[in-house]
Amino acid sequence: RLSLLRYNSGLSRYFEVITAQENLLGSENGLAQTRHDQLVAMVNFYKALGGGWQTEEQAKPAGAPAAAAAPGAAVHPR
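On a predicted model such as this, the values are computed, not experimentally measured, just so you know. (Residues numbered from 1 in each chain as written. Predicted model: local features only at pLDDT ≥ 70, side-chain atom pairs only at ≥ 80, totals over all residues. Heavy atoms only, no water.)

A word on the overall build of the protein
Regarding its fold elements, the protein presents three helices and two strands. Taken from the N to the C terminus, the helices and strands of the protein come in the order α-α-β-α-β. Going through the 78 residues of the protein one by one, you find that 5% of them count as buried. When the accessible surface of the protein is summed, it comes to about 6,800 Å², and 60% of that surface belongs to carbon and sulfur atoms. (Helix = DSSP H or I, 4+ residues; strand = E, 2+ residues; numbered from the N terminus. Buried < 20%, exposed > 50% of the residue type's maximum accessible area, 1.4 Å probe, protein only. Areas by Shrake-Rupley, 256 points an atom, 1.4 Å probe, with all protein chains shown as cover.)

Spelled out as structure tokens, the structure:
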């Protein structure tokens, strides 16, 4: 934004605006990657603690009568 203001005021060339936009894009991509890595780490942490998810069908004890699973069946944490 500042480089665009400088360009509009005649204090810099448009090349500086493009360079600033390129730097911004790289920073935004890095932020998105960091957020992704953080979420993956949280999932791995929960898994390491024994957490996980199973459907109602998987949660039933062995020998229990099986009911037809409806679309969008509830999912229970382990």
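Here's the deal with a nonpolar patch on the surface
Together, Leu 39, Met 42, Phe 45, Tyr 46 and Leu 49 line one region of the surface with nonpolar side chains, adding up to about 560 Å² of accessible area. Relative to the helices and strands, Leu 49 is located in the loop between helix H2 (14-48) and strand E1 (53-55). On the accessibility criterion, Leu 49 (63% relative accessible area) is exposed. (Patch = residues over 30% accessible without salt bridge, like charges linked within 9 Å, V, L, I, M, F, W, Y side chains within 5 Å. Salt bridge = Lys/Arg side-chain N within 4 Å of Asp/Glu carboxyl O.)

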